Amino acid sequence: MHELGIIVHINKTLHELAEENGLTEIGSVTLEVGEVSTIVPEYLTDCWAYYRKKFPLIENAELRMEMLPAVTFCEDCKETYPTVRYGRECPYCSGGNTYLVAGQECNIKEIEAK
């Protein structure tokens, strides 16, 4: 379960930002999570619920997630397509010269301070 490690990293980032900006409480954190990032949203939520109890800065903070679709680009026909639906084979030209352009990320999109 790498979700706990992600939460630990997010917490560290939030504490650094709080120190830099004189914040005393975080109201919410919005994450962008890629569709093929291997992050299990339910595990991430459970880890957040457990971990936030240990830190006054985030103890009342809500974790929000926005799922980002996975998109693949085909080098042969220069088209993009939904990765999960079609995999590595391009639905336009049946080529396999493709690569993922979006959908693996996990980013902090927004932090609401109280």
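In this text, all values refer to a predicted model and were calculated from it rather than measured experimentally.

Asker: Would you explain the environment of Glu 42 in this entry?
Answerer: As for its position among the elements, Glu 42 is in helix H2 (residues 41–51). In the structure, Glu 42 is positioned 20 residues away from Glu 62 in sequence and 14 Å away in space, judged by C-alpha atoms.

Asker: Please clarify how the sheet that holds strand E1 (residues 26–34) should be interpreted in this entry.
Answerer: With mixed pairing, three strands are arranged side by side in an open sheet as E2-E1-E6. At either end of the open sheet lies a strand with only one pairing partner, and these are strand E2 (62–68) and strand E6 (106–113). For this sheet, the mean inter-axis angle between neighbouring strands, taken without regard to orientation, is 20°. Direction of pairing for E1 relative to E6: antiparallel, over a ladder of seven bridges. Bridging across to E6, Leu 31 finds its partner in Ile 108. Its contacts with the sheet put helix H1 (residues 3–21) on E1, E2 and E6, and the angle it makes with E6 is roughly 45°. This element, H2, spans E1 and E2 of the sheet and lies at about 160° to E2.

Asker: Help me understand the packing of H1 against H2, please; the structure alone is not making it clear to me.
Answerer: Packed helix pairs are characterised by how far apart their axes lie and by the angle those axes make with each other. Contact pair H1 / H2: the axes reach a minimum separation of 9 Å and the direction vectors enclose 50°. Judged on the interaxial angle alone, H2 and H1 are oblique. The crossing of H1 and H2 is right-handed. Here Glu 3, Leu 4, Ile 6, Ile 7, Val 8, Ile 10, Asn 11 and Leu 14 of H1 come into contact with H2, specifically with Tyr 43, Leu 44, Cys 47, Trp 48 and Tyr 51. Taken together, the residues that form the contact of H1 with H2 break down as eleven nonpolar, one polar and one charged.

Asker: What should I look at first to understand the pattern of salt bridges in this one?
Answerer: Once their charged atoms are close, side chains differing in charge can pair, the charge on each being opposite to the other. One pass over the full model with this rule turns up three salt bridges. Here Glu 62 ties to Arg 64 by a salt bridge, and the two come within 3.2 Å at their closest N and O atoms. For Glu 66, the salt bridge identified is with Lys 109, shortest N-O distance 2.8 Å. Note that Glu 66 is positioned in strand E2 and Lys 109 in strand E6, a separation of 43 residues in sequence. Residue Glu 66 is classed as partly exposed on the basis of its relative accessible area of 32%.

Asker: Is there a simple way to think about the sheet that holds strand E3 (residues 71–74) in this case?
Answerer: Sheets are built from strands paired through backbone hydrogen bonds, the pairs being either parallel or antiparallel. If you trace the three strands from one edge of the open sheet to the other, you get E4-E3-E5, paired in antiparallel fashion. Each edge of the open sheet carries a strand with a single partner, namely strand E4 (80–82) and strand E5 (98–102). Mean inter-strand twist for the sheet, computed between neighbouring axes without regard to direction, equals 35°. Where E3 lies against E4, three bridges are found, and the strand directions are antiparallel. Across the sheet, the residue bridging to Phe 73 is Thr 80, located in E4.

Rules used in this analysis
Residues numbered from 1 in each chain as written. Predicted model: local features only at pLDDT ≥ 70, side-chain atom pairs only at ≥ 80, totals over all residues. Heavy atoms only, no water. Helix = DSSP H or I, 4+ residues; strand = E, 2+ residues; numbered from the N terminus. Pairing = 2+ DSSP bridges. Axes fitted to C-alpha atoms, helices over the stretch in contact; angles between N-to-C directions. Contact = heavy atoms within 4.5 Å. Parallel < 35°, antiparallel > 145°, perpendicular 65-115°, else oblique. Left-handed = near helix turned anticlockwise from the far one by under 90°. Nonpolar A, V, L, I, M, F, W, Y, C, P; charged D, E, K, R; others polar. Salt bridge = Lys/Arg side-chain N within 4 Å of Asp/Glu carboxyl O. Buried < 20%, exposed > 50% of the residue type's maximum accessible area, 1.4 Å probe, protein only.

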